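Single-letter residue listing:
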Amino acid sequence: MKRGGEYSFWRHRDRRPEIPSVSSDPDNTEQCDCCYCMYSPKPHQTRSLPPHISPEGRSRNRIHYNSTEKDRSIFSVTSYAGQSICGVNDSHRTRTNQDSLVMLEDPRTRSLVLACLDGHGTHGHIISQFFKYGLETRLLKHSLWEHDPKQAVTQLLLELEEEICAYPRVETKFSGTTLVLAIVRDNLLIVANVGDSRALLGSSPASSSTSLLHANATGEEPPQQLLLPILLTSDHKPELPQELSRILRAGGRVFPLTQEGPSACQRVWLGDEDLPGLAMSRSLGDEVARTIGVISTPEFVERQLDHYLDCLLVLGTDGLWDYLSNEEVMQMLAVQEAEAGAGAGAVCSPGQHVRCLIEEAKRRWLEAEECHDDITACVATLTGRKRQKLC
């Protein structure tokens, strides 16, 4: 398997993951962005972990890529790619990548599954990898997968959460993961969300085809915004009225850390103790936060894809969205598509889109904070992209 570049996801999807060691430098203690805790796994200490968790992978920054253009009858997706890079601290030292990426095809049900996970806490990387592997090996075999994929996802997440929380050597009291998952089955798009990762659909306005043809005929500049961002998920933040009400009823408190400044995010705390300081109202794991109204129930959205207008599907962890707005993401991809289309026979691949988004997110992080979070992005091109002739 090559390091860097693009490679086939299918070539090693059945590789048996190795048992990782929980390790880090005690002098390089990091603070997790999502919860107010310190994590510092020790370098020379190896613990026995569940056998199906893959290695930590400090530089899981390869492009995961696959193309289904040769069999367009299966999906509304023509091609897709994803990438995850590890964060760096303000000393520019890399840290353990707590993000994970899932990409699955199921020709039997004509389905494609894409997911991004963002772990947090001492064992966030282990928990996100645990859910990644569980989804990859058990979702397509679930008894309800064919007829009720939403219920299959809900039940499997509950089972996986119970299993990882019952494992004594994985710290789940103050560790957990977010999840955003998209299922494309024929023309149906189903999105499940737990936490503050995000899914975005890029759709052409109904008038864009006419405008583009008119611009080509008259020689005028084509419209700048050819993709409208359609937000498919809601970030589960504790200040949202419904989430806040549930947390307060359960005896929790919600307030920001004063030392983080005026723009500090709201965090969830125990009623009588300043723990755990979780910056989201839903997550997988986080047993302590579960006692004060933080839940792991996924929120679902369904949408029928338009073969003429829906062009791109973007999934990402909060490292992608913290410094990029939904509008900026779609504007960047539209410009990239237009520039590729200007070249003779040029094609803009989803891998190029992924690299563009991650590099821009990384640049903005470093400009603002001299460090950056783990960043994971996944882009799928839909059939509407070719019909709109964006490339």
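You'll find the structure just up there.
These numbers were taken from a predicted model, which means no experiment stands behind them.

Definitions and limits used
Residues numbered from 1 in each chain as written. Predicted model: local features only at pLDDT ≥ 70, side-chain atom pairs only at ≥ 80, totals over all residues. Heavy atoms only, no water. Pairing = 2+ DSSP bridges. Helix = DSSP H or I, 4+ residues; strand = E, 2+ residues; numbered from the N terminus. Axes fitted to C-alpha atoms, helices over the stretch in contact; angles between N-to-C directions. Expected span 1.5 Å × (residues − 1). Buried < 20%, exposed > 50% of the residue type's maximum accessible area, 1.4 Å probe, protein only. Contact = heavy atoms within 4.5 Å. Polar contact = N/O pair within 3.5 Å; in protein donor to acceptor, adjacent residues only side chain to side chain. Core = buried A, V, L, I, M, F, W, Y, C linked by side-chain atoms within 4.5 Å.

Q: Describe the sheet that holds strand 14 (residues 276-278), and please don't skip the residues or the numbers.
A: Strand order in the open sheet formed by three strands is 12-13-14, and the pairing between neighbours is antiparallel. The two strands at the open ends of the sheet, each matched to only one other strand, are strand 12 (253-256) and strand 14. Each strand of the sheet is rotated relative to its neighbour by a mean of 35°, with strand direction disregarded. In the sheet, strand 12 pairs with strand 13 (residues 266-269) via four bridges, with the strands oriented antiparallel. Bridge pairing in strand 13 places F255 opposite R267.

Q: So what's going on with helix 1 (residues 124-138)? Residues and values would help.
A: Relative to the 21 Å expected for 15 residues at 1.5 Å per residue, helix 1 spans 21 Å between its end C-alpha atoms, a close match to the ideal helical length. For helix 1, the set of buried residues is G124, H125, I126, I127, S128, Q129, F130, F131, K132, G134 and L135. Looking at the buried side of helix 1, the elements it contacts are strand 6 (99-106), strand 7 (111-120), helix 2 (149-166), strand 8 (176-185) and strand 15 (284-285).

Q: So what about the environment of T376? Which residues, and what values?
A: Take T376: it is sitting in strand 18 (residues 375-382). Between the C-alpha atoms of T376 and L101, which are 275 residues apart in sequence, the distance is 7.4 Å. Apart from residues no more than four positions distant in its own chain, T376 is found in contact with Q83, S84, D99, S100, L101, C116, L315, G316, T317 and L320. Here S84 takes part through its side chain, which lies 2.7 Å from a polar atom of the side chain of T376.

Q: Would you mind going over unusual backbone geometry in detail, with residue names and values included?
A: In the segment running from L275 into P276, the intervening peptide bond is cis, with an omega of -5°. For D186, which is not glycine, the phi torsion reads 55° and is therefore positive. Phi is positive for D286, which is not a glycine, with a value near 50°. As for its placement among the helices and strands, D286 is situated in the loop between strand 15 and helix 5 (287-290). Its relative accessible area of 2% is what places D286 among the buried residues.

Q: Can you tell me about the side chain of S197, naming the residues and giving the values?
A: With respect to the helices and strands, S197 occurs in the loop between strand 9 (188-194) and strand 10 (198-203). A polar contact of 2.9 Å, which involves the side chain of S197, links it to the side chain of T178. When residues no more than four places from it in sequence are discounted, the contact partners of S197 are C116, D118, T178, V180, T233, D235, G316, T317 and D318.

Q: Residue-level account of the pairing of strand 18, with values.
A: In terms of burial, strand 18 is a largely internal element, eight of the eight residues being buried. Of the two faces of strand 18, both are covered, the one formed by I375, A377, V379 and T381 as well as the one formed by T376, C378, A380 and L382. When strand 5 (residues 77-85) meets strand 18, the two strands line up antiparallel, connected through eight bridges. In the sheet register, I85 faces strand 18, and the bridge partner there is I375. Note that strand 17 (residues 310-316) and strand 18 share five bridges and pair antiparallel. Directly across from G316, in strand 18, lies its bridge partner A377.

Q: How would you sum up the side chain of T383? Please name residues and give values.
A: With respect to the element layout, T383 can be found in helix 9 (residues 383-387). Side-chain polar atoms of T383 contact the side chain of H307, separated by 2.6 Å. Beyond its immediate sequence surroundings of up to four residues, T383 is in contact with S76, T78, H307 and D310.

Q: Explain helix 8 (residues 350-369) residue by residue, including any values.
A: Given 3.6 residues per helical turn, the α-helix brings residues three or four places apart onto the same face. Under the 1.5 Å per step criterion, the end-to-end length of helix 8 is 28 Å for 20 residues, consistent within 8% with the ideal 28 Å. Of the residues flanking the end of helix 8, it is E370, one or two places downstream, whose phi is positive at about 60°.

Q: Could you give me a rundown of the nonpolar core, with the residues and numbers involved?
A: One broad rule of soluble globular proteins: the nonpolar side chains tend to lie buried together. Core analysis: the largest hydrophobic core is formed by 26 residues, its most contacted members being F131, L135, L139, L179 and L181. Those elements that provide at least two residues to this core are strand 6, strand 7, helix 1, helix 2, strand 8 and strand 9. In terms of residue count, the dominant contributor to this core is helix 2 (six residues). If you look at the next biggest cluster of nonpolar residues, it comprises 23 residues, including I85, M330, L357 and I358.

Everything listed here is a matter of geometry and, on its own, says nothing about what the molecule does.
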